[in-house]
Amino acid sequence: MGTKYGELRAAVDEVDLFDAHAHNVVAIESDFPFIRCFSEAEGDALELAPHTLSFKRSLRDIASLYDCEPSYHGVQTYRRNSGLQAISSKCFGAAKISVLLIDDGINFDKRHEVEWHGGFTPTVGRIQRIERLAETVLNDVHFIVRFCLLSILVTLVNKILGLKSIAAYRSGLQIDTQVTKEDAEKGLIEDLSAGKPVRIQNKSFIDYIFTHSLEFAVRFNLPMQIHTGFGDKDLDLRLANPLHLRAVLEDKRFSNCQIVLLHASYPFSREASYLASVYSQVYLDFGLAVPKLSVHGMISSVKELLELAPLKKVMFSTDGYAFPETFYLGAKRAREVVFSVLSDACEEGDLTIAEAVEAAKDIFRNNAHRLYKIEDASVSSTYKNLTLHNYASKSSNLSQKDIMFVRVLWVDTSGQHRCRAVPANRFYEVTVNSGLGLTFASMGMTSFSDGPADRTNLTGVGEIRLIPDLSTILKLPWKQQEEMVLADMHLYPGEFWEYCPREALRRVLKILKDEFNLEVNAGFENEFYLLKNLLREGKSEWVPFDLTPYCSASAFDAAFPILQEIYTSLQSMGVTLEQVHAESGKGQYEIALAHTVCARAADNLIFAREAVKAVARKHDLLATFVPKVFLDDIGSGSHVHLSLWEDGKNVFMASSGSETQYGMSKVGEEFMAGVLHHLPAILAFTAPLPNSYDRIQPNTWSGAYRCWGVENKEAPLRTACPPGVSSGLVSNFELKSFDGCANPHLGLAAIMASGLDGLRKKLKLPKPIDTNPALYEGELERLPRELRESVEALQNDQVLKDLIGEKLLTAVIGVREAEIDYYSKNEEGYKQLIHRY
């Protein structure tokens, strides 16, 4: 095909490869029996390996790479004289592998650890083989008393990029997705009774591990690789047909789990191609089939994969293991095969050359980058811009020598930020896996006391584990020797505590995704006061930082050093600030954060609060998010804007002006109607203090009446049409009755649960209010005037109780009742809140 396909040839040969599935190199310096790379565990077949077509060609290719005699003796002599480091460098360099994901589940006696491979390829990650992990746990006497595979997986989640199952080798791919815990326990006992070392073979137990690992993969958004098709002789090929996975693929619990069928499912490549074409969650990997087959077999297998499967769902791996040469041969063969298949497709008119070039880059790199959550803005031969959104790539950099402490942060039921500081060396050696102990009482504390409130059912008896979420770790801009990380609450590593706010939000979001395929983006507007300390008549008094009016340039000038540092701090923390201005209150400011996925938006709000308060302290000021700092001045809110997304498209907005008369979609109206319906109960989460209701008053733009409007800032719910949105359409809605004392994860969880109820019941919105709602006094229902009314509404809201959890709601109500009692007896008590929020 000569120069006709020169551009395609160049793209195939030069693209940096993402090796999505490989195994460890063995730590032997000489006398590598490299013929075994094609016949591991095949017994007598080992003697036949030198006579196979694949071996003869591979031997010539390796000899050419090493520039040695093209014979087995010549290659072995070169290897023995060069050593492992040199041949590894040559093989990996020639393969041009930029990312290497390793399944280290094969129990080699002298293997190198995953990290060792980083000396030869820029980025290395880990794939966790679930059956091997289970066997490791079961063979450890310390874990046998309480086996929990998921608890171990949670401790590893920030070190792995995907999971893998070899169920095909054990009991086959006819997975029983409804296997019971009782049957699994019987199977476990059966496997344990066979003696040590434990080898998992019971089908019920394997199916139980498989399905629970899929649930874990969905929760943490990790791909699941599944061995399909041929393998060693202990595999029953009939049970390795991927069509057996239909029960898994049809199960709604796993509809969002990205499943990768390994090894081209050979000889079931057409079956795999069919599955990828009809199931959105199925992806294909053609490692092992290349280079183990003959040239004709390799080309035929890849062509069969592409018969039905979308080009965006097929990816490459070397399936290299034990010997560096296998990685090089896998890469070399794959390039040859993909060029042959794509050029044939061009000849037949299926693809243009430009489309073939794009397909080559997708197959070799881009598809895997997207699937395994790797950000690659500009991959080049220097690999300088390659970064992982995962602890696997960060671990070597996070615990820097200049880091002294890591703050482990959580937000309690009353919305207070709390933290424990751990010395950096202990954090990375112990805390990342084992967490920190924390009393049950921590989620029962109030804004006025650090003891648990009555009727929360939480006391000082019992302890949980704060497990750091390493995806949130960052270096503090205002404290150069410290890092900060958000934590989840576990009963023990792997089992979430019912009272964990972050998990409560994730749980409701998962239901929304599973039932309606919807995701929610959120963005917060944060109002706060800057206060300075004055001595008056010998008494300390906190007064406004300045007296400038709304949106004045002089206010911005006065606070510029502070606002500038807040901005740069947020930037370095990965939080996008979209606008900042002076608000109506004396010394009051507002920062607007960019919208992002709901759970991350809640995290960002916590980071923003921390940054604002810390920067203010540096300037000898106090920043406070208290809803009503001064009863005679304007209050502070934390308004949240929400939009609904499906497959990357904003579906809150109407697709046409006629979809609804309000410029929003049907699904958008139903979701918002659910929020309006449950709003009195939602306020128990989003306006959590008696002081919150001093803010929610008529004619203060805080939303005092139960209604909604289009661009109506006096309504608690308003739809918004920001710049860039077509006239007559709205892109999001705002909830104004949300303040800076609310736990953002619990507040959003209540909103999500309410919107979900609206979707389930197909609720409708009443007519919008297009004037000041106060004009309808007596006609419109007043939202709760005090916290007591919101708590009563929450007590009667079965939907929120079911979706958020009865135990967590009991704690919320107990804390709120304690707040009501205390502040009713201490009218001036709210003045101390500036030091807590």
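Values in this document were obtained by computation on a predicted structure and should not be read as measured data.

**Focus on the overall build of the protein**
Part 1: For the protein, the helix and strand inventory stands at 27 helices and 29 strands.
Part 2: Taken over 837 residues, the protein has a buried fraction of 58%.
Part 3: Sequence-distant contacts in the protein: of pairs separated by 6 or more residues, those separated by 24 or more amount to 73%.
Part 4: Of the roughly 33,700 Å² that the protein leaves accessible, carbon and sulfur atoms contribute 50%.

**Examining helix α25 (residues 787–795)**
Part 1: Looking only at α25, the buried set comprises L787, S790, V791 and L794. Considered in projection along α25, the buried side chains sweep an arc of 100° and stay on one side of the axis.
Part 2: Packing partners of the buried residues in α25 comprise α22 (666–686), α23 (692–695), α26 (798–804) and α27 (806–825).

**Looking at the sheet that holds strand β5 (residues 224–226)**
Part 1: Pairing is parallel across the open sheet formed by eight strands, whose spatial order is β1-β2-β3-β4-β5-β6-β7-β9. Unpaired on one side and paired on the other, β1 (17–22) and β9 (314–315) mark the two borders of the sheet.
Part 2: Two elements, strand β2 (residues 97–103) and strand β3 (residues 123–129), share five bridges in a ladder whose sense is parallel. Each bridged residue has a counterpart across the sheet, and for V99 the counterpart in β3 is T123.
Part 3: Strands β3, β4 (162–165) and β5 of the sheet are contacted by helix α5 (residues 130–138), whose axis makes an angle of about 70° with β3.
Part 4: Helix α12 (residues 269–278) contacts β6 (259–261) and β7 (282–285) of the sheet and is inclined by roughly 145° relative to β7.

**Let's talk about a negative patch on the surface**
Part 1: On the surface, D176, E182, D183 and E185 cluster together into a negatively charged patch.
Part 2: Looking at the element boundaries, D183 is found in helix α9 (residues 181–193).

**Here's the deal with the environment of Q416**
Part 1: Among the structural elements, Q416 can be located in the loop between β12 (405–411) and β13 (417–423).
Part 2: Sequence separation between Q416 and R836 is 420 residues; the distance between their C-alpha atoms is 6.7 Å.
Part 3: For Q416, the contacting residues outside a window of four places in its chain are W410, V411, T446, S447, R836 and Y837.
Part 4: At 2.9 Å, the side chain of Q416 and the side chain of S414 are in polar contact.

**Focus: the pairing of strand β21 (residues 577–582)**
Part 1: Across five bridges, β21 lies against strand β22 (residues 588–593) in antiparallel orientation. When the sheet's bridge partners are listed, V580 is paired in β22 with I591.
Part 2: Here β21 hands over to β22 after five residues, with G587 in that stretch at a positive phi of 80°.

**Focus on empty space enclosed by the protein**
Part 1: For the structure on display, the rule yields two cavities of 30 Å³ or more.
Part 2: Taken as a whole, the largest cavity holds about 80 Å³ of empty space.
Part 3: Surrounding the largest cavity, 13 residues form its lining, W410, V411, A487, R502 and H745 being those nearest its centre.
Part 4: Among the elements of the structure, β12, β17 (482–492) and α19 (501–516) are those that each provide at least two residues to the lining of the largest cavity.
Part 5: Broken down by element, the lining of the largest cavity gets its largest block of residues, four residues, from β17.
Part 6: Residue composition of the lining of the largest cavity, grouped by class: nine nonpolar, two polar and two charged.

**Remarks on the pattern of salt bridges**
Part 1: Scanning the entire structure with this criterion turns up 45 salt bridges.
Part 2: Measuring nitrogen to oxygen at the nearest pair gives 2.8 Å for the salt bridge that ties D103 to K164. Here D103, found in strand β2, pairs with K164, found in strand β4; they are 61 residues apart in sequence, far enough to count as distant.
Part 3: Relative accessible area serves as the criterion here: at 0%, D103 is assigned to the buried category.
Part 4: One connected set of salt bridges, linked through shared partners, spans D469, D488, R502, E503, R506 and D603.

**What to know about the packing of helix α3 (residues 72–82) against helix α4 (residues 84–95)**
Part 1: Contact geometry for α3 and α4: axes closest at 6 Å, N-to-C directions at 115°. Contacts between α3 and α4 involve Y78, R79 and S82 on the former and, on the latter, A86, I87 and K90.

**Considerations on the packing of α22 against α25**
Two quantities define a packed helix pair, namely the angle between the helix axes and the distance between the axes.
Part 1: Two elements in contact, α22 and α25, have axes separated by 7 Å at closest approach and are oriented at 115°. Note that α22 runs across α25; the crossing there is left-handed. Residues P680, A681, L683, A684 and F685 of α22 lie in contact with α25, whose contacting residues are S790, V791, A793 and L794.
Part 2: Residues that form the contact of α22 with α25 fall into these classes: eight nonpolar, one polar and no charged.

**Points about the pairing of strand β15 (residues 463–468)**
Part 1: Pairing between strand β14 (residues 436–439) and β15: four bridges, direction antiparallel. Counterpart to L436 in the pairing with β15 is L466.
Part 2: Direction of pairing for β15 relative to β17: antiparallel, over a ladder of four bridges. Considered in β17, the bridge of P468 is made with A487.

**Some points on helix α16 (residues 353–371)**
Residues separated by three or four positions in an α-helix point in the same direction, a consequence of the helix having 3.6 residues per turn.
Part 1: Given a rise of 1.5 Å per residue, 19 residues ought to cover 27 Å, and the 25 Å separating the end C-alpha atoms of α16 matches this to within 8%.
Part 2: Looking only at α16, the buried set comprises A356, V357, A359, A360, D362, I363, F364, R365, N367, A368, H369 and L371.
Part 3: Just downstream of α16 lies K373, where phi reads positive at about 60°.

**Here's the deal with the environment of R365**
Part 1: Examined against the element boundaries, R365 turns out to sit in helix α16.
Part 2: Along the chain, R365 and V99 lie 266 residues apart, while their C-alpha atoms are 8.8 Å from each other.
Part 3: Side chain to side chain, R365 and N366 meet in a polar contact 3.1 Å long.

**Considerations on unusual backbone geometry**
Part 1: Cis peptide bonds are those with omega within 30 degrees of zero, and the linkage from Y266 to P267 qualifies with 10°.
Part 2: With respect to the helices, strands and loops of the structure, P267 is situated in the loop between β6 and α12.
Part 3: Of note, the phi angle at D620 is positive, near 60°, even though the residue is not glycine.
Part 4: Residue placement: D620 occurs in the loop between α21 (598–618) and β24 (622–624).
Part 5: Look at D620 and you get exposed, because its relative accessible area is 66%.

**Regarding the confidence of the model for the protein**
Part 1: Residues with a pLDDT of 70 or more make up 90% of the protein, whose mean pLDDT is 85.
Part 2: The model gives residues 29–51 a pLDDT under 50, and that stretch makes 54 contacts with residues more than four places away or in other chains.
Part 3: Counting contacts from residues 376–400, a segment whose pLDDT is below 50, to residues more than four positions away or on other chains yields 54 contacts.

**Some thoughts on the packing of aromatic side chains**
Part 1: Tallied over the full model, the rule gives 22 aromatic pairs.
Part 2: Arranged with centres 5.4 Å apart and planes meeting at 75°, the rings of F524 and F738 form a pair that is edge-to-face. You can see F524 sitting in strand β19 (residues 519–536) and its partner F738 sitting in the loop between β29 (732–735) and α24 (744–761), a full 214 residues away along the chain. Exposure class is identical for F524 and F738. Each is buried.
Part 3: Where Y822 meets Y823, the ring centres are 4.9 Å apart and the plane angle is 90°; that geometry is what we call edge-to-face.
Part 4: Since its relative accessible area comes to 27%, Y822 is described here as partly exposed.
Part 5: Here the aromatic residues F92, W116, F120 and F327 are joined through ring pairs into a cluster of three or more.
Part 6: The ring of F339 carries the charged tip of R9 above its face, separated from the ring centre by 4.1 Å.
Part 7: Lying across the ring of Y283, K313 places its NZ or CZ 5.4 Å from the centre.

Basis of the calculations
- Residues numbered from 1 in each chain as written.
- Predicted model: local features only at pLDDT ≥ 70, side-chain atom pairs only at ≥ 80, totals over all residues.
- Heavy atoms only, no water.
- Helix = DSSP H or I, 4+ residues; strand = E, 2+ residues; numbered from the N terminus.
- Buried < 20%, exposed > 50% of the residue type's maximum accessible area, 1.4 Å probe, protein only.
- Contact = heavy atoms within 4.5 Å.
- Areas by Shrake-Rupley, 256 points an atom, 1.4 Å probe, with all protein chains shown as cover.
- Arc of directions from axis to C-beta.
- Pairing = 2+ DSSP bridges.
- Axes fitted to C-alpha atoms, helices over the stretch in contact; angles between N-to-C directions.
- Patch = residues over 30% accessible without salt bridge, like charges linked within 9 Å, V, L, I, M, F, W, Y side chains within 5 Å.
- Salt bridge = Lys/Arg side-chain N within 4 Å of Asp/Glu carboxyl O.
- Lys, Arg positive; Asp, Glu negative; His and termini not counted.
- Charge placed at Lys NZ, Arg CZ, Asp CG, Glu CD.
- Polar contact = N/O pair within 3.5 Å; in protein donor to acceptor, adjacent residues only side chain to side chain.
- 1 Å grid on protein atoms, 1.4 Å probe; cavity = no way out; pocket = protein on both sides within 12 Å on 5 of 7 lines; lining within 4 Å.
- Points joined across faces, edges and corners; volume = space filled by probe spheres on them.
- Nonpolar A, V, L, I, M, F, W, Y, C, P; charged D, E, K, R; others polar.
- Left-handed = near helix turned anticlockwise from the far one by under 90°.
- Expected span 1.5 Å × (residues − 1).
- pLDDT = per-residue confidence, 0-100.
- Phe/Tyr/Trp six-rings, centres within 6.5 Å; stacked < 30°, edge-to-face > 60°.
- Lys NZ or Arg CZ within 6 Å of the ring centre and 35° of its normal.

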